[in-house]
Amino acid sequence: MTEPLLKVRNLKKHFPIKKGFLGKVVGSVKAVDGLDFDLFPGETVGLVGESGCGKTTAGRTILRLIEPSDGSAALNIDNKETDIFTMSGQELRAARSEMQIIFQDPFSSLNPRMTVGSIIGDALELHGIAKGDEKFEMAKQLLERVGLQAAYVNRYPHEFSGGQRQRIGIARAVALKPKFIVCDEAVSALDVSVQAQVINLLEDLQKEFGIAYLFIAHDLSVVRHISDRIAVMYLGRIVEMTDCETLYKTPLHPYTQALLSAIPEPIPGKKKKRVILQGDVPNPINPPPGCHFHPRCPYSTKRCETETPERAEVSSGHSVACHLVEEGQRPPYTAT
Ligand code: SF4
């Protein structure tokens, strides 16, 4: 059986809230509050949830662009497992060639003063892969691989459209042939037609290089086309995780059902029942007790207000954190 490329266990990221002259810690923002999942080689896991649920913080913490508060993220390269969170600075720099990120906003993530050739080539030089003319030759090949002209190597980021800039970001991310890329809302800022092109490109590169993606998005309709499995996040925790087909056909968590009901029906005239959630995502400084979702859940019971549901497997590879599901109930649930 294939070993996971990445094992994330009990990942927490709490940002302290400081007050006063001495910066006394008076509380914390629990952005990520106990995340567990595996990512297999060449697989795409979609991480989905509303704005503020902690998905971007989770992706950046796994790469240690932000320091974690607790937990582990074991990266398995050539059958050697190393916890990213305990790596020394030198180990982390070396591991950067195996794990990369594609940002949502390709404009602010590309240095406006550097040519595209330098942006892509510098990563190659930093990791001792190529330098001088060779790195620019490799940058040209990478540009062509992501559907841009090699001649663009001497241009600056502002000379490109949003979709082209995202292709440059992808070229930079795959330059070192990483095993794992966090795609942080990588297509959210693009037009729908360009989104499809970029998703196709990511899929082609995945097949070619065997890259695993953690694909972060707020929209379930976007992740559907690229993900093998999907994890639905709510207020710092995964509430449901399963393969793509099962999630769309038989979602069990009321929050997943609400997110799915918000996707427009592609067949004209066909209607579906919309689940309208009350209010916004609660403040992660002071999350509701019990099930974090209970103030917005149409099926909330007394138990939900005090007892936190643990995510448990309901069938092979399908796990849900909900008391109703744990008690053996299945949708359609009855509102209390
Ligand atoms: Fe709703 Fe209760 Fe399930 Fe939470 S545990 S999702 S409040 S039914």
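Scroll up to find the structure.
Residues numbered from 1 in each chain as written. Predicted model: local features only at pLDDT ≥ 70, side-chain atom pairs only at ≥ 80, totals over all residues. Heavy atoms only, no water.

Engineer: In this structure, what is going on with the overall build of the chain? I would like to understand it.
Structural biologist: Regarding its fold elements, the chain presents 11 helices and 12 strands. Computed over C-alpha atoms, the radius of gyration of the chain comes to 21 Å, within 12% of the 20 Å expected from 2.2 N^0.38 for 336 residues, which places it in the range of a compact globule. Along the longest, intermediate and shortest principal axes, the C-alpha atoms of the chain span 70 × 60 × 45 Å. Looking at the chain as a whole, 50% of its 336 residues are labelled buried. Sequence-distant contacts in the chain: of pairs separated by 6 or more residues, those separated by 24 or more amount to 63%. Only carbon and sulfur atoms are counted for the fraction: they give 50% of the accessible area of the chain, which is about 16,400 Å². With 40 positive and 40 negative side-chain charges, the chain shows a separation of 5 Å between the mean positions of the two kinds. (Helix = DSSP H or I, 4+ residues; strand = E, 2+ residues; numbered from the N terminus. Rg over C-alpha atoms; globule rule 2.2 N^0.38 Å. Buried < 20%, exposed > 50% of the residue type's maximum accessible area, 1.4 Å probe, protein only. Contact = heavy atoms within 4.5 Å. Areas by Shrake-Rupley, 256 points an atom, 1.4 Å probe, with all protein chains shown as cover. Lys, Arg positive; Asp, Glu negative; His and termini not counted. Charge placed at Lys NZ, Arg CZ, Asp CG, Glu CD.)

Engineer: Just to check I follow, could you spell out the pattern of salt bridges for this structure?
Structural biologist: Opposite charge on two side chains lets them pair, provided their charged atoms get close. Scanning the model with the defined rule gives 18 salt bridges in all. Of the charged contacts in the structure, one is a salt bridge between Arg229 and Glu43, with a shortest N-O distance of 2.5 Å. Remark: Glu43 occurs in the loop between strand E2 (24–39) and strand E3 (44–48) and Arg229 occurs in strand E9 (residues 229–234); sequence separation between them is 186 residues. Its salt-bridge partner being Arg145, residue Glu208 comes within 2.7 Å of it at the nearest N-O pair. Of this pair, Glu208 sits in helix H6 (residues 192–209) while Arg145 sits in helix H4 (residues 133–145); the two residues are 63 residues apart in sequence, bridging distant segments of the chain. When its relative accessible area of 44% is taken as the criterion, Glu208 is described as partly exposed. (Salt bridge = Lys/Arg side-chain N within 4 Å of Asp/Glu carboxyl O.)

Engineer: So what exactly am I meant to see when it comes to the site of the ligand here?
Structural biologist: Near the ligand you find His253, Pro254, Cys291, Phe293, His294, Cys297, Tyr299, Cys304, Cys322, His323 and Leu324, and these make up its full shell. Its residues placed into classes, the shell around the ligand shows 8 nonpolar, 3 polar and no charged. (Near = heavy atom within 4 Å. Nonpolar A, V, L, I, M, F, W, Y, C, P; charged D, E, K, R; others polar.)

Engineer: What am I meant to see in helix H3 (residues 116–126) here?
Structural biologist: Counting along an α-helix, one turn takes 3.6 residues, and residues three or four places apart therefore face a common direction. In terms of burial, H3 is a largely internal element, 8 of the 11 residues being buried. For H3, the complete set of buried residues consists of Val116, Gly117, Ser118, Ile119, Ile120, Gly121, Ala123 and Leu124. Those residues of H3 that are buried lie in contact with H4 and helix H5 (162–174). Downstream of H3 by one or two residues, Gly128 has phi in the positive range, about 70 degrees.

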